[in-house]
Amino acid sequence: MTGTVAVKFYGLMRRRVGTTGLDVPADDVTVLALLRLAEESAGRAFLDELLDREQGLLAGTIILVNGENVRGGDGLRTRVRAGDKVDLFSPAGGG
Amino acid sequence: MNGWTGKIVKVDLGRGTQEDVPVSDAARRRYLGGRGLGVRLYADLCPVLTDPLAEENALLFMTGPLTGTLMTSGRTQVISRSPLTGTICDSSSGGSFGAALKGAGIDGLVVQGRAPKPVYLRIHEGGVEVRDAAAFWGLDTQQTQKGLQEEAGGKASVACIGPAGENRVPFAAIMNDKDRAAGRGGLGAVMGAKNLKAVAASGSRPVDIADPAGYKDLASRVDRAVDKNPVTGKSLQVLGTSVLVNIINAHGMYPTENFRRGVFNDAEGTSGEKIAETLLLRQSSCFKCPIGCGRTTRTKDKHGEGPEYETVWAFGANLGISDLAAIAEANYACNELGLDTITMGGTLGCAMELAEAGAWPGGPRWGEAGKLADWVTETAHRRGMGAELALGSKRLAAKYGRPELAMQVKGMEIPAYDPRGAQGMALSYATSNRGGCHMRAYLVAPEVLGHPVFLDRFSTAGKAELVALFQDVSAVVDSAVLCRFLQFAVGISTFAEMLRVVTGLDFGDEELMSVGRRVYTLERLFNNRAGFGRADDTLPPRFFNEEFQTGSSRHRRVRLEEMLDDYYAVRGWDRDGRPRPHTLAELGL
C-alpha cells in the first residue's frame, strides 16, 4: 500500500484550495508529479499560483520538502517519498 | 525647480529663530534628499559629537525629490543621532506627512535647541510657526493628532510624540497619520528633549515636473508593474506583511523566546492568514499607494492598526505568546503611547530570559499575554517594571550582569529573522549603520523569498558584495524618498527614470548607485567618529556559539568572519572598518 505525503498550503494558495493541508497518496515521485496529484486530491486547480505557463517555478514561489527549498536541489524534479512533508507558499514578501 | 522645492527651514526652538539652510544643486545631485541629504546636513550642522538629547543636537524631517509625485511618495525620513545606539540614525515613516511638508513648500525641516515650554510647529504655505502645545503635552498620539487637526481646520498631517517621547524613552517613536511610525532608533525621545510635541503640516503646492509626458507614461508603467507583481499586486494586499510568519517559521529561523529556538509551535495561530480570518477589518494604504499593506484590525474591546510582521513576532513568538488579540492590543498601546514595537518586544524578550535565569528575579515571565499592554504602558511612563524596560535590552542586560542576553547590534534590537538561518542577513545586521535592523539590506529577499534570484542562505560566498549592493540601493530609495516595497516590482533603472522625469536630471544606474555608496559611507564616517568600528560590527555571542536542535536551520552558526573582511574590501574600508582615503576621494567625501 502506498503511503502519503503531507502537503501544506500557505498564503493565498490556502484560500484558493480552501484547506490548510492534504495527505496525498504518493511515493517516490517528482515534486511536479506530486503537485498534480495534490491538485486532483483537492479537486481545485491551484498550480497557476506556483508555476508559469512553461511549467517552471514562478519567481518568488517557495516549495519546501522537509524544510529544504527545492530551488537549492533539483527544483520541480526533486524526488518526494511517502512520509515527507511539503510546504507550498505562493510568492510573498514583507519586511 | 523641478522635484525639489529648494527650501529647507531651520528652526531653533531655544533662540526662537528661523533661517533657511542653503543647499547647493551639487549637494542635491550627490545626496538627493531624505536620508542622504538629511545625513549630510546633520553632519554639517553638528560637527562636534553631541548627546542625542542635548539642545544642540539636530533633528531633521526630510522629504525627497520624488515626494508628492509618484506612488508611495508620501513618506518622511527623520534623521538625528539615536539615543538608543549613539549611531547616526534615520527612521522612515509612511503615510502622507512627507507629501504635506512638500505641499507646504519645503523639502525639509531642521529643529535645533530646546523650547522653554512644550510647543508644536505649524507648517503651511505661508511658513513655519512655533505654537504653544501645553494643552497637548501628556496626551497620547491619537488625541494629539486629532486635536491638532482640529486646530488646523481638519487639513493637516500631524507627526507627533506620545508620553514615551515626552519621557525620553530611548526607543520612543514619532507617529504620523494615525498609526504610521518613524519607529526605530528612538527619535521620538529627541523630539521630547526639545519640548517639541508635534509638527502639523499642510499645503497643496504641486511639485514641478520636468517631463510631464514622460512622467505620465512612467507612472502608468510602474502602476502596471506593481499590479502584475504577485507580492505587491496580491500578497501584501490580501495578507499584509504577516504572511511571512509561516514562511520564516518553516525555514526554522523564526526567533522564539529571545532567539533560543527557530521554530514557534503556534506560528500558525499568529500568522497573516489567521489575522485575515480573525482581526482584520480592512487593509489600509499610505499616500498614493496601490499596495495597501497596512492592517486595520479590531479585538473584542479595541481597534487600531496592526499588527504587522515584526510586531506579531516581537510580542508573539519572541515572548512565547500566541494570543493574537493580546499582541494586537500591545501594538495599539505602542502606537498610542509612541513606542517602537520591535525594541519594546526585544527588550521584553531579554527581560524574560534575565528573569528565567535568575538574574532579574522580579522580571517578566514568558507567555504572560495578559500583562503585555500594561508593560508597554509602564515603559512609556517609566514607572513600575517599565522604569527598567525603558532602558532597552542592551542597558537592561548590562545592568543585571548578563550583557550577552541582549539580542542587539550597536544597541538596537535585532528583528524577526534569526541570522543563523541566513548568512547574508547576519552580515547585514552586523554592518548596519543604525544597528540591528532588517531595512538596511534585506537579504531575506534572495536568501528566503527567492527575489530577485534564489541564493543558498547558508553559504557565505558572494554575500559581502550583495550586502553592500543592497545597502546602497536602500540608501537610494530612502533618499528619493519612496517605499521599499516597490523594490519587489521595479529595480534601480526605474528609480533612475523616476528621478529623470521628475527632476530633469539624468542620473543613470551607475551614478545613482554611487549616491547610495556615498550615503552609506558618510553614515559610516559619522559612526567611526562616534567610536564605532570593527568590534561593533558583530552579533551577540548566541549566534556564534549556540545551535538550534530542531527545524531546518538546525546545527547552524553565523560565520561572520568569513564575510567581514570581504565586505570591508568591497566597501573600500580598512580592516578596522574605516573608509580608506581613496574611497573618500572617489566619493567626494
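For clarity, every value in this text was computed on a predicted model and none was experimentally measured.

### Re the side chain of Thr-78 of chain A
Residues and elements named next belong to chain A.
Item 1. Along the chain, Thr-78 falls in the loop between strand E5 (68-69) and strand E6 (79-80).
Item 2. At a separation of 2.7 Å, a polar atom in the side chain of Thr-78 contacts the main-chain carbonyl oxygen of Gly-75.
Item 3. Ignoring any residue separated from it by four or fewer positions in sequence, one finds Thr-78 in contact with Val-29, Thr-30, Val-31, Val-70 and Gly-73.

### Describing the environment of Asp-28 of chain A
Residue and element names in this part refer to chain A.
Item 1. Topologically, Asp-28 is positioned in the loop between strand E2 (21-25) and strand E3 (29-30).
Item 2. When its relative accessible area of 35% is taken as the criterion, Asp-28 is described as partly exposed.
Item 3. Placed ten residues apart in sequence, Asp-28 and Gly-18 show a C-alpha to C-alpha distance of 26 Å.

### Observations concerning the pattern of salt bridges
Residue and element names in this part refer to chain B.
Item 1. For the coordinates displayed, the defined rule picks out 48 salt bridges over all chains.
Item 2. Of the charged contacts in the structure, one is a salt bridge between Arg-261 and Glu-257, with a shortest N-O distance of 3.6 Å.
Item 3. Glu-257 gets classed as buried once you look at its relative accessible area, which sits at 15%.
Item 4. Within this structure, Arg-35, Asp-90, Arg-440, Asp-478, Arg-484 and Glu-523 form a network of salt bridges that share partners.

### Brief notes about the layout of surface pockets
Left-over empty space is what a probe sized like a water molecule reveals as it rolls over the atoms.
Residues and elements named next belong to chain B.
Item 1. Quantified by volume, the second largest pocket comes out at close to 450 Å³.
Item 2. Together, 20 residues line the second largest pocket, and His-451, Phe-470, Val-473, Gln-487 and Phe-488 are the ones closest to its centre.
Item 3. When contributions to the lining of the second largest pocket are tallied by element, the ones reaching two or more residues are helix H19 (463-480) and helix H20 (492-503).
Item 4. Looking at which element gives the most residues to the lining of the second largest pocket, the answer is H19, with four residues.
Item 5. Of the residues that constitute the lining of the second largest pocket, the class distribution is 14 nonpolar, five polar and one charged.

### Quick look at the interface of chain B and chain A
Item 1. Counting from both sides, the interface comprises 31 residues of chain B and, opposite them, 21 residues of chain A.
Item 2. For the chain B face of the interface with chain A, the top three residues by lost area are Ile-247, Leu-449 and Phe-454 of chain B, together amounting to 21%.
Item 3. In this assembly, chain B and chain A are joined by two salt bridges.
Item 4. A salt bridge links Arg-14 of chain A to Glu-268 of chain B, with the nearest nitrogen and oxygen atoms 2.6 Å apart.
Item 5. For the interface between chain B and chain A, the tally reads four residue pairs in polar contact (both at pLDDT 80 or more).
Item 6. Per-element accounting of the side of chain B that touches chain A gives the leading share, seven residues, to helix H8 (residues 230-239) of chain B.
Item 7. When the residues that make up the side of chain B that touches chain A are grouped by side-chain class, the tally is 18 nonpolar, eight polar and five charged.

### Regarding the packing of helix H7 (residues 212-228) of chain B against H20 of chain B
Residues and elements named next belong to chain B.
Item 1. Relative to each other, H7 and H20 sit at 150 degrees, their axes nearing to 9 Å. Overall, the two elements H7 and H20 adopt an arrangement that is roughly antiparallel. As H7 runs across H20, the sense of the crossing is left-handed. Contacts between H7 and H20 pair Gly-214, Tyr-215, Leu-218, Arg-221 and Val-222 from the former with Thr-494, Glu-497, Met-498, Val-501 and Val-502 from the latter.
Item 2. Residues that form the contact of H7 with H20 fall into these classes: six nonpolar, two polar and two charged.

### Brief notes about the state of the cysteines
Cysteine pairs can be covalently joined through their sulfur atoms, and such a bond is termed a disulfide.
All names here are of chain B.
Item 1. Counting across every chain of the model gives zero disulfides over all chains.
Item 2. Here Cys-293 is not cross-linked by a disulfide; its sulfur's nearest cysteine counterpart is in Cys-483, at 6.4 Å.
Item 3. The exposure class of Cys-293 is buried, given its relative accessible area of 16%.
Item 4. When its relative accessible area of 14% is taken as the criterion, Cys-483 is described as buried.

### Details of the sheet that holds E5 of chain A
Backbone-to-backbone hydrogen bonds pair the strands of a sheet. The strands run either parallel or antiparallel.
Residues and elements named next belong to chain A.
Item 1. If you trace the five strands from one edge of the open sheet to the other, you get E2-E1-E7-E4-E5, paired in mixed fashion. The open sheet terminates on both sides in strands that have one partner only, identified here as E2 and E5.
Item 2. Taken together, the five bridges between strand E1 (residues 4-10) and E2 define a ladder with antiparallel strand orientation. If you follow Thr-4 over to E2, its bridge partner there is Pro-25.
Item 3. Taken strand by strand, helix H2 (residues 31-42) contacts E1, E2, strand E4 (62-65) and strand E7 (85-89), and its axis lies near 115 degrees from that of E2.

### Some words on H19 of chain B
Item 1. Compared with an ideal rise of 1.5 Å per residue, which puts 18 residues at 26 Å, H19 of chain B spans 26 Å between its outermost C-alpha atoms and is within 8% of the ideal.
Item 2. With 16 of 18 residues buried, H19 of chain B lies mostly within the body of the structure.

### Observations concerning the nonpolar core
Residues and elements named next belong to chain B.
Item 1. Core analysis: the biggest nonpolar cluster contains 119 residues, and Ile-248, Tyr-254 and Tyr-417 have the highest contact counts within it.
Item 2. If you tally residues by element for this core, the top one is H19, at ten residues.
Item 3. Core analysis: the next-biggest nonpolar cluster, separate from the first, contains 36 residues, Phe-315, Ala-330, Met-344 and Leu-372 among them.

### Regarding the domain arrangement of chain B
Residue and element names in this part refer to chain B.
Item 1. In terms of domains, chain B is made up of domain 1 (8-201), domain 2 (240-409) and domain 3 (419-587).
Item 2. One C-alpha centre belongs to domain 2, the other to domain 3; they are set 25 Å apart.
Item 3. Among the residues domain 2 hides against domain 3, the three largest losses belong to His-251, Met-253 and Val-409. Together they make up 35% of the total.
Item 4. At the junction of domain 2 and domain 3, the tally comes to one salt bridge.
Item 5. One salt bridge connects Arg-542 with Glu-353, and the closest N-O pair in it is separated by 2.6 Å.
Item 6. At the junction of domain 2 and domain 3, the tally comes to ten residue pairs in polar contact (both at pLDDT 80 or more).
Item 7. Among the secondary structure elements, those contributing two or more residues to the side of domain 2 that touches domain 3 are helix H9 (244-250), helix H13 (341-356) and strand E16 (408-409).

### Quick notes on the packing of aromatic side chains
Residue and element names in this part refer to chain B.
Item 1. For the coordinates displayed, the defined rule picks out 15 aromatic pairs over all chains.
Item 2. Ring geometry for Tyr-42 against Phe-526: centres 5.8 Å apart, planes inclined by 75 degrees, an arrangement best described as edge-to-face. Here the residue Tyr-42 occupies a position in helix H2 (residues 34-45), and Phe-526 occupies one in helix H21 (residues 508-529), the gap between them amounting to 484 residues.
Item 3. Judged by its relative accessible area of 1%, Tyr-42 is buried.
Item 4. Taking the relative accessible area as the measure of exposure, Phe-526 reaches 4% and is therefore buried.
Item 5. Between the aromatic rings of Tyr-568 and Trp-573, the centroid separation amounts to 6.2 Å while the plane-to-plane angle is 35 degrees, which identifies the pairing as tilted. Each of the two residues, Tyr-568 as well as Trp-573, counts as buried.
Item 6. Among the aromatic side chains, those forming a connected cluster through ring pairs are Tyr-254, Tyr-309, Tyr-417 and Tyr-442.
Item 7. The aromatic ring of Phe-458 is capped on one face by Arg-556, whose charged end is 3.6 Å from the ring centroid.

Reading the values: rules and limits
- Residues numbered from 1 in each chain as written.
- Chains lettered and ligands numbered in written order.
- Predicted model: local features only at pLDDT ≥ 70, side-chain atom pairs only at ≥ 80, totals over all residues.
- Heavy atoms only, no water.
- Helix = DSSP H or I, 4+ residues; strand = E, 2+ residues; numbered from the N terminus.
- Polar contact = N/O pair within 3.5 Å; in protein donor to acceptor, adjacent residues only side chain to side chain.
- Contact = heavy atoms within 4.5 Å.
- Buried < 20%, exposed > 50% of the residue type's maximum accessible area, 1.4 Å probe, protein only.
- Salt bridge = Lys/Arg side-chain N within 4 Å of Asp/Glu carboxyl O.
- 1 Å grid on protein atoms, 1.4 Å probe; cavity = no way out; pocket = protein on both sides within 12 Å on 5 of 7 lines; lining within 4 Å.
- Points joined across faces, edges and corners; volume = space filled by probe spheres on them.
- Nonpolar A, V, L, I, M, F, W, Y, C, P; charged D, E, K, R; others polar.
- Buried area = accessible area lost by both parts, 1.4 Å probe.
- Axes fitted to C-alpha atoms, helices over the stretch in contact; angles between N-to-C directions.
- Parallel < 35°, antiparallel > 145°, perpendicular 65-115°, else oblique.
- Left-handed = near helix turned anticlockwise from the far one by under 90°.
- Disulfide = S-S within 2.5 Å.
- Pairing = 2+ DSSP bridges.
- Expected span 1.5 Å × (residues − 1).
- Core = buried A, V, L, I, M, F, W, Y, C linked by side-chain atoms within 4.5 Å.
- Domains from an automatic or database assignment.
- Phe/Tyr/Trp six-rings, centres within 6.5 Å; stacked < 30°, edge-to-face > 60°.
- Lys NZ or Arg CZ within 6 Å of the ring centre and 35° of its normal.

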